[in-house]
Amino acid sequence: MGVERYLEVPLWLAPMAGVIGSAFRRVVRSYPCGLVFTELLSAQGLLVGSKTMEPLTFFTPQERPIGFQLYGSEPGVVAEAALVVKERFSPEVIDINMGCPSRKIVKSGSGAALMGDPGRVFDIVRAVSSAVAPLPVTVKMRSGLHSRAVNAVEVALAVQEGGAAAVTVHPRTRAQGFKGRADWRVIAEVVEACSVPVVGSGDVTTPEDAKSMLEDTGCAGVMIGRGCLGRPWLFLQSYACIVGRPVPPDPPLPEIGRILLEHLFWEVELKGERRGVMEMRKHIIWYSKGMSGSRAMRGRISRISTLEECKRLVVEFFLLEEEHVDWILRRRGG
(Lines give C-alpha, C1' and ligand atoms only; values in the text may rest on other atoms or scores of the structure.)
Protein backbone atom coordinates (compact mmCIF):
# COMPACT_ATOMS: atom_id res chain seq x y z
CA MET A 1 0.00 0.00 0.00
CA GLY A 2 1.58 3.27 -1.12
CA VAL A 3 0.79 6.97 -1.15
CA GLU A 4 -0.15 7.33 -4.81
CA ARG A 5 -3.79 8.06 -3.97
CA TYR A 6 -2.63 11.08 -1.95
CA LEU A 7 -0.70 12.37 -4.94
CA GLU A 8 -3.70 12.56 -7.26
CA VAL A 9 -3.74 16.15 -6.06
CA PRO A 10 0.06 16.58 -6.04
CA LEU A 11 0.13 19.20 -3.30
CA TRP A 12 0.90 18.46 0.35
CA LEU A 13 0.90 20.77 3.37
CA ALA A 14 4.28 20.80 5.12
CA PRO A 15 4.41 19.82 8.82
CA MET A 16 5.55 23.20 10.16
CA ALA A 17 6.03 23.13 13.94
CA GLY A 18 4.12 25.80 15.83
CA VAL A 19 2.08 26.78 12.79
CA ILE A 20 -0.02 24.04 11.20
CA GLY A 21 -2.28 22.97 14.03
CA SER A 22 -5.80 21.67 13.52
CA ALA A 23 -7.29 25.12 12.82
CA PHE A 24 -4.91 25.95 9.98
CA ARG A 25 -5.19 22.45 8.53
CA ARG A 26 -8.98 22.92 8.39
CA VAL A 27 -8.51 26.18 6.51
CA VAL A 28 -6.21 24.48 4.00
CA ARG A 29 -8.74 21.68 3.55
CA SER A 30 -11.01 24.23 1.83
CA TYR A 31 -8.61 24.01 -1.11
CA PRO A 32 -7.11 21.19 -3.22
CA CYS A 33 -4.57 19.42 -1.00
CA GLY A 34 -3.65 15.75 -1.20
CA LEU A 35 -2.27 15.30 2.32
CA VAL A 36 -1.75 17.31 5.50
CA PHE A 37 0.45 16.51 8.49
CA THR A 38 0.53 17.06 12.22
CA GLU A 39 3.19 19.17 13.78
CA LEU A 40 6.45 17.50 14.78
CA LEU A 41 5.78 14.86 17.48
CA SER A 42 8.33 13.41 19.85
CA ALA A 43 8.32 9.61 19.72
CA GLN A 44 9.52 9.49 23.32
CA GLY A 45 6.88 12.02 24.40
CA LEU A 46 4.13 9.92 22.87
CA LEU A 47 5.32 6.79 24.68
CA VAL A 48 5.46 8.42 28.11
CA GLY A 49 2.08 10.07 27.61
CA SER A 50 3.35 13.65 27.80
CA LYS A 51 0.50 16.15 28.18
CA THR A 52 2.20 18.42 25.64
CA MET A 53 1.37 15.85 22.97
CA GLU A 54 -2.41 16.13 23.38
CA PRO A 55 -3.02 19.40 21.48
CA LEU A 56 -0.47 18.39 18.84
CA THR A 57 -2.26 15.12 18.06
CA PHE A 58 -5.78 16.57 17.92
CA PHE A 59 -7.45 16.60 14.53
CA THR A 60 -10.96 16.50 13.08
CA PRO A 61 -12.38 14.11 10.46
CA GLN A 62 -12.43 16.90 7.85
CA GLU A 63 -8.62 17.07 7.99
CA ARG A 64 -8.21 13.57 6.56
CA PRO A 65 -6.19 12.22 4.89
CA ILE A 66 -3.59 13.11 7.51
CA GLY A 67 -0.06 12.01 8.28
CA PHE A 68 1.45 11.95 11.76
CA GLN A 69 5.06 13.13 11.76
CA LEU A 70 7.37 11.63 14.40
CA TYR A 71 10.96 12.31 15.35
CA GLY A 72 13.43 10.23 17.32
CA SER A 73 16.83 8.60 17.00
CA GLU A 74 16.23 5.09 18.37
CA PRO A 75 14.62 2.64 15.92
CA GLY A 76 12.73 0.73 18.60
CA VAL A 77 11.38 3.88 20.25
CA VAL A 78 10.20 5.43 17.00
CA ALA A 79 8.65 2.15 15.89
CA GLU A 80 6.80 1.69 19.18
CA ALA A 81 5.52 5.27 19.04
CA ALA A 82 4.39 4.77 15.44
CA LEU A 83 2.41 1.71 16.48
CA VAL A 84 0.76 3.69 19.28
CA VAL A 85 -0.19 6.38 16.76
CA LYS A 86 -1.55 3.81 14.32
CA GLU A 87 -3.74 2.14 16.93
CA ARG A 88 -4.92 5.31 18.69
CA PHE A 89 -5.41 7.74 15.81
CA SER A 90 -5.58 5.65 12.60
CA PRO A 91 -3.77 8.18 10.37
CA GLU A 92 -3.37 7.57 6.67
CA VAL A 93 0.44 7.96 6.81
CA ILE A 94 3.28 7.84 9.34
CA ASP A 95 6.04 10.33 8.49
CA ILE A 96 9.51 10.31 10.04
CA ASN A 97 11.27 13.65 10.36
CA MET A 98 14.90 13.60 9.23
CA GLY A 99 15.07 17.26 8.27
CA CYS A 100 14.38 19.49 11.28
CA PRO A 101 17.45 21.72 11.79
CA SER A 102 16.49 22.78 15.34
CA ARG A 103 19.51 22.65 17.63
CA LYS A 104 17.56 20.89 20.38
CA ILE A 105 16.33 18.14 18.07
CA VAL A 106 19.64 17.73 16.24
CA LYS A 107 21.47 17.52 19.56
CA SER A 108 19.32 14.51 20.48
CA GLY A 109 20.46 12.76 17.30
CA SER A 110 17.07 13.24 15.64
CA GLY A 111 15.81 15.36 12.77
CA ALA A 112 18.49 16.55 10.36
CA ALA A 113 21.20 14.87 12.46
CA LEU A 114 20.13 11.57 10.87
CA MET A 115 21.39 12.80 7.49
CA GLY A 116 24.85 11.97 8.81
CA ASP A 117 24.02 8.31 9.51
CA PRO A 118 22.39 6.48 6.57
CA GLY A 119 22.72 3.17 8.42
CA ARG A 120 20.60 4.42 11.29
CA VAL A 121 18.17 5.91 8.78
CA PHE A 122 17.68 2.44 7.29
CA ASP A 123 17.22 0.89 10.74
CA ILE A 124 14.59 3.44 11.80
CA VAL A 125 12.60 3.19 8.58
CA ARG A 126 12.75 -0.60 8.58
CA ALA A 127 11.63 -0.78 12.22
CA VAL A 128 8.74 1.63 11.71
CA SER A 129 7.61 0.09 8.42
CA SER A 130 7.56 -3.37 9.97
CA ALA A 131 5.69 -2.18 13.05
CA VAL A 132 2.85 -0.37 11.30
CA ALA A 133 2.48 -2.37 8.05
CA PRO A 134 0.51 -2.02 5.85
CA LEU A 135 0.24 1.67 6.82
CA PRO A 136 2.53 3.65 4.49
CA VAL A 137 5.62 5.25 6.00
CA THR A 138 7.21 8.35 4.50
CA VAL A 139 10.31 10.36 5.36
CA LYS A 140 11.01 14.08 5.15
CA MET A 141 14.72 14.81 4.76
CA ARG A 142 17.23 17.47 3.74
CA SER A 143 20.05 17.49 1.23
CA GLY A 144 22.71 16.82 3.86
CA LEU A 145 24.36 18.23 6.96
CA HIS A 146 26.30 20.96 5.17
CA SER A 147 27.54 21.95 1.72
CA ARG A 148 30.47 19.49 1.87
CA ALA A 149 28.24 16.59 2.88
CA VAL A 150 25.33 16.62 0.42
CA ASN A 151 24.25 12.96 0.51
CA ALA A 152 20.53 13.14 -0.24
CA VAL A 153 20.67 10.32 -2.78
CA GLU A 154 22.46 7.96 -0.38
CA VAL A 155 20.00 8.70 2.43
CA ALA A 156 16.98 8.48 0.12
CA LEU A 157 18.10 5.05 -1.05
CA ALA A 158 18.44 3.95 2.58
CA VAL A 159 14.91 5.25 3.18
CA GLN A 160 13.62 3.33 0.17
CA GLU A 161 15.43 0.11 1.12
CA GLY A 162 14.04 0.43 4.64
CA GLY A 163 10.54 0.13 3.24
CA ALA A 164 9.30 3.71 2.96
CA ALA A 165 6.46 4.40 0.52
CA ALA A 166 7.74 7.87 -0.41
CA VAL A 167 10.36 10.45 0.47
CA THR A 168 10.07 14.23 0.69
CA VAL A 169 13.23 16.19 -0.06
CA HIS A 170 13.79 19.73 1.20
CA PRO A 171 17.01 20.56 -0.65
CA ARG A 172 18.70 22.75 1.91
CA THR A 173 21.39 21.48 4.26
CA ARG A 174 21.02 21.39 8.00
CA ALA A 175 23.61 24.20 8.20
CA GLN A 176 21.47 26.40 5.95
CA GLY A 177 18.38 26.13 8.12
CA PHE A 178 15.82 28.05 6.08
CA LYS A 179 18.27 30.52 4.58
CA GLY A 180 19.62 30.71 1.05
CA ARG A 181 18.02 29.04 -1.93
CA ALA A 182 16.73 25.49 -2.07
CA ASP A 183 18.72 23.54 -4.69
CA TRP A 184 16.05 21.79 -6.72
CA ARG A 185 18.73 19.85 -8.58
CA VAL A 186 19.03 17.67 -5.49
CA ILE A 187 15.36 16.75 -5.80
CA ALA A 188 15.92 15.74 -9.43
CA GLU A 189 18.89 13.58 -8.43
CA VAL A 190 16.79 11.76 -5.82
CA VAL A 191 13.98 11.27 -8.34
CA GLU A 192 16.47 9.74 -10.77
CA ALA A 193 17.86 7.37 -8.13
CA CYS A 194 14.66 6.21 -6.42
CA SER A 195 11.73 4.07 -7.51
CA VAL A 196 9.35 5.31 -4.80
CA PRO A 197 7.52 8.64 -5.27
CA VAL A 198 9.58 11.71 -4.40
CA VAL A 199 7.92 14.88 -3.15
CA GLY A 200 9.78 18.16 -3.51
CA SER A 201 9.83 20.99 -0.99
CA GLY A 202 11.42 24.41 -0.72
CA ASP A 203 10.89 27.91 -2.13
CA VAL A 204 7.39 27.29 -3.47
CA THR A 205 5.73 30.68 -3.03
CA THR A 206 3.76 31.06 -6.27
CA PRO A 207 1.57 28.78 -8.41
CA GLU A 208 4.27 28.91 -11.08
CA ASP A 209 6.83 27.65 -8.54
CA ALA A 210 4.73 24.55 -7.86
CA LYS A 211 4.34 23.78 -11.55
CA SER A 212 8.04 24.42 -12.23
CA MET A 213 9.14 22.12 -9.42
CA LEU A 214 7.10 19.27 -10.87
CA GLU A 215 8.37 19.88 -14.40
CA ASP A 216 12.00 20.68 -13.59
CA THR A 217 12.65 17.85 -11.14
CA GLY A 218 10.22 15.12 -12.21
CA CYS A 219 8.96 14.82 -8.63
CA ALA A 220 5.55 13.29 -7.98
CA GLY A 221 4.29 16.03 -5.71
CA VAL A 222 5.05 19.38 -4.13
CA MET A 223 5.02 20.09 -0.41
CA ILE A 224 4.11 23.71 0.36
CA GLY A 225 5.30 25.25 3.60
CA ARG A 226 6.01 28.88 4.44
CA GLY A 227 4.63 30.05 1.10
CA CYS A 228 1.05 29.32 2.18
CA LEU A 229 1.19 31.10 5.53
CA GLY A 230 -1.48 33.78 5.33
CA ARG A 231 -2.21 32.55 1.80
CA PRO A 232 -3.89 29.13 2.07
CA TRP A 233 -5.53 29.76 -1.33
CA LEU A 234 -2.06 29.16 -2.81
CA PHE A 235 -3.14 25.50 -2.97
CA LEU A 236 -6.09 26.39 -5.20
CA GLN A 237 -3.95 28.63 -7.40
CA SER A 238 -1.16 26.06 -7.65
CA TYR A 239 -3.54 23.25 -8.57
CA ALA A 240 -5.10 25.38 -11.29
CA CYS A 241 -1.65 26.19 -12.67
CA ILE A 242 -0.57 22.54 -12.61
CA VAL A 243 -3.65 21.27 -14.47
CA GLY A 244 -3.59 24.10 -17.00
CA ARG A 245 -6.60 26.09 -15.82
CA PRO A 246 -6.65 29.89 -15.38
CA VAL A 247 -5.05 30.79 -12.06
CA PRO A 248 -7.63 32.54 -9.87
CA PRO A 249 -6.58 35.86 -8.31
CA ASP A 250 -6.09 36.34 -4.58
CA PRO A 251 -9.43 36.66 -2.80
CA PRO A 252 -10.82 40.17 -2.22
CA LEU A 253 -10.27 41.75 1.17
CA PRO A 254 -13.62 40.73 2.76
CA GLU A 255 -13.16 37.12 1.62
CA ILE A 256 -9.73 37.01 3.24
CA GLY A 257 -11.35 38.43 6.38
CA ARG A 258 -13.95 35.65 6.36
CA ILE A 259 -11.23 33.01 6.01
CA LEU A 260 -9.23 34.58 8.82
CA LEU A 261 -12.24 34.92 11.13
CA GLU A 262 -13.17 31.27 10.71
CA HIS A 263 -9.53 30.37 11.38
CA LEU A 264 -9.70 32.52 14.55
CA PHE A 265 -12.88 30.86 15.83
CA TRP A 266 -11.43 27.39 15.28
CA GLU A 267 -8.20 28.34 17.06
CA VAL A 268 -10.03 29.71 20.10
CA GLU A 269 -12.36 26.70 20.15
CA LEU A 270 -9.34 24.41 20.29
CA LYS A 271 -6.97 26.29 22.59
CA GLY A 272 -9.16 28.62 24.63
CA GLU A 273 -9.58 32.37 24.25
CA ARG A 274 -6.29 33.73 25.52
CA ARG A 275 -4.00 31.16 23.97
CA GLY A 276 -6.01 31.00 20.76
CA VAL A 277 -5.85 34.77 20.28
CA MET A 278 -2.12 34.80 21.04
CA GLU A 279 -1.63 32.07 18.45
CA MET A 280 -3.58 34.06 15.86
CA ARG A 281 -1.41 37.17 16.15
CA LYS A 282 1.23 35.82 13.79
CA HIS A 283 -1.39 34.49 11.40
CA ILE A 284 -3.07 37.90 11.15
CA ILE A 285 0.30 39.42 10.29
CA TRP A 286 0.78 36.80 7.56
CA TYR A 287 -2.74 37.26 6.16
CA SER A 288 -2.28 41.05 5.97
CA LYS A 289 1.32 41.08 4.74
CA GLY A 290 1.95 43.66 2.04
CA MET A 291 -1.50 45.24 2.38
CA SER A 292 -2.08 48.94 2.87
CA GLY A 293 -2.15 49.75 6.59
CA SER A 294 -0.68 46.42 7.67
CA ARG A 295 2.29 48.05 9.39
CA ALA A 296 0.06 50.16 11.63
CA MET A 297 -2.14 47.16 12.35
CA ARG A 298 0.83 45.16 13.63
CA GLY A 299 1.09 47.60 16.52
CA ARG A 300 -2.54 46.91 17.43
CA ILE A 301 -2.08 43.16 17.20
CA SER A 302 0.54 43.16 19.94
CA ARG A 303 -2.01 44.63 22.36
CA ILE A 304 -5.02 42.39 21.77
CA SER A 305 -5.80 39.56 24.16
CA THR A 306 -9.52 38.79 23.83
CA LEU A 307 -11.61 37.20 21.11
CA GLU A 308 -13.79 40.30 20.82
CA GLU A 309 -10.78 42.57 20.31
CA CYS A 310 -9.31 40.23 17.73
CA LYS A 311 -12.61 39.90 15.89
CA ARG A 312 -13.07 43.68 15.82
CA LEU A 313 -9.60 44.19 14.40
CA VAL A 314 -10.23 41.65 11.63
CA VAL A 315 -13.65 43.12 10.81
CA GLU A 316 -12.25 46.65 10.56
CA PHE A 317 -9.09 45.88 8.61
CA PHE A 318 -10.64 43.47 6.11
CA LEU A 319 -13.80 45.58 5.63
CA LEU A 320 -16.18 42.89 6.81
CA GLU A 321 -19.90 43.57 7.07
CA GLU A 322 -22.05 42.17 9.87
CA GLU A 323 -23.61 39.65 7.48
CA HIS A 324 -20.15 38.22 6.83
CA VAL A 325 -19.71 37.51 10.53
CA ASP A 326 -23.26 36.13 10.77
CA TRP A 327 -22.57 33.83 7.81
CA ILE A 328 -19.50 32.39 9.53
CA LEU A 329 -21.39 31.84 12.78
CA ARG A 330 -24.26 30.11 10.94
CA ARG A 331 -21.79 27.92 9.06
CA ARG A 332 -20.22 26.89 12.36
CA GLY A 333 -23.63 26.31 13.97
CA GLY A 334 -23.11 29.19 16.38
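Fair warning: this is a prediction, and the values are worked out from it, not measured in the lab.

### Description of the overall build of the chain
In step 1: Along the backbone of the chain there are 15 helices and nine strands.
In step 2: Taken over C-alpha atoms, the radius of gyration comes to 20 Å for the chain, in line with the 20 Å a tight globule of 334 residues would show.
In step 3: Reported as C-alpha extents along the three principal axes, the dimensions of the chain are approximately 60 × 45 × 35 Å.
In step 4: Expressed as a percentage of its 334 residues, the buried residues of the chain come to 55%.
In step 5: Contacts spanning at least 24 positions in sequence make up 69% of the contacts within the chain whose residues lie at least 6 apart.
In step 6: With the model as given, the accessible surface of the chain reaches about 14,300 Å², and the carbon-plus-sulfur share is 51%.
In step 7: Where the 41 positive side-chain charges of the chain centre and where its 36 negative ones centre are 6 Å apart.

### What about the nonpolar core?
Burial of nonpolar side chains together is a common tendency in soluble globular proteins.
In step 1: Formed by 102 residues in total, the largest nonpolar core has its most connected members in Leu13, Val128 and Met141.
In step 2: Beyond its immediate chain neighbours, meaning those up to four positions away, Leu13 contacts Ile20, Phe24, Arg25, Val28, Cys33, Leu35, Val36, Phe37, Met223, Ile224, Cys228 and Phe235.

### Brief notes about the packing of aromatic side chains
In step 1: For the structure on display, the rule yields five aromatic pairs.
In step 2: Both rings, one in Trp233 and one in Tyr287, keep their centres 6.4 Å apart while their planes meet at 40 degrees; by these two values the pair is tilted. With a gap of 54 residues between them, Trp233 in the loop between strand S9 (221-224) and helix H10 (234-243) and Tyr287 in helix H12 (residues 273-288) connect regions that are remote in the sequence.
In step 3: An angle of 75 degrees between the planes, with centres 4.9 Å apart, marks the rings of Phe317 and Phe318 as edge-to-face.

### Notes on unusual backbone geometry
In step 1: Following Arg64, the chain continues into Pro65 via a peptide bond in cis, with omega recorded as 0 degrees.
In step 2: Within the fold, Pro65 resides in the loop between helix H3 (53-57) and strand S4 (66-71).
In step 3: A cis amide bond links Ala133 to the next residue, Pro134, at an omega of 10 degrees.
In step 4: By the element assignment, Pro134 lies in the loop between helix H6 (118-132) and strand S6 (137-144).
In step 5: Of note in this structure, Ser90 is not a glycine but carries a positive phi near 50 degrees.
In step 6: Structurally, Ser90 is set in the loop between helix H4 (75-89) and strand S5 (93-98).
In step 7: You can call Ser90 partly exposed: its relative accessible area is 42%.
In step 8: With phi around 65 degrees, Asp203 is a residue other than glycine that occupies positive phi space.

Parameters at a glance
Residues numbered from 1 in each chain as written. Predicted model: local features only at pLDDT ≥ 70, side-chain atom pairs only at ≥ 80, totals over all residues. Heavy atoms only, no water. Helix = DSSP H or I, 4+ residues; strand = E, 2+ residues; numbered from the N terminus. Rg over C-alpha atoms; globule rule 2.2 N^0.38 Å. Buried < 20%, exposed > 50% of the residue type's maximum accessible area, 1.4 Å probe, protein only. Contact = heavy atoms within 4.5 Å. Areas by Shrake-Rupley, 256 points an atom, 1.4 Å probe, with all protein chains shown as cover. Lys, Arg positive; Asp, Glu negative; His and termini not counted. Charge placed at Lys NZ, Arg CZ, Asp CG, Glu CD. Core = buried A, V, L, I, M, F, W, Y, C linked by side-chain atoms within 4.5 Å. Phe/Tyr/Trp six-rings, centres within 6.5 Å; stacked < 30°, edge-to-face > 60°.

By themselves, these observations are geometric and do not establish any function.
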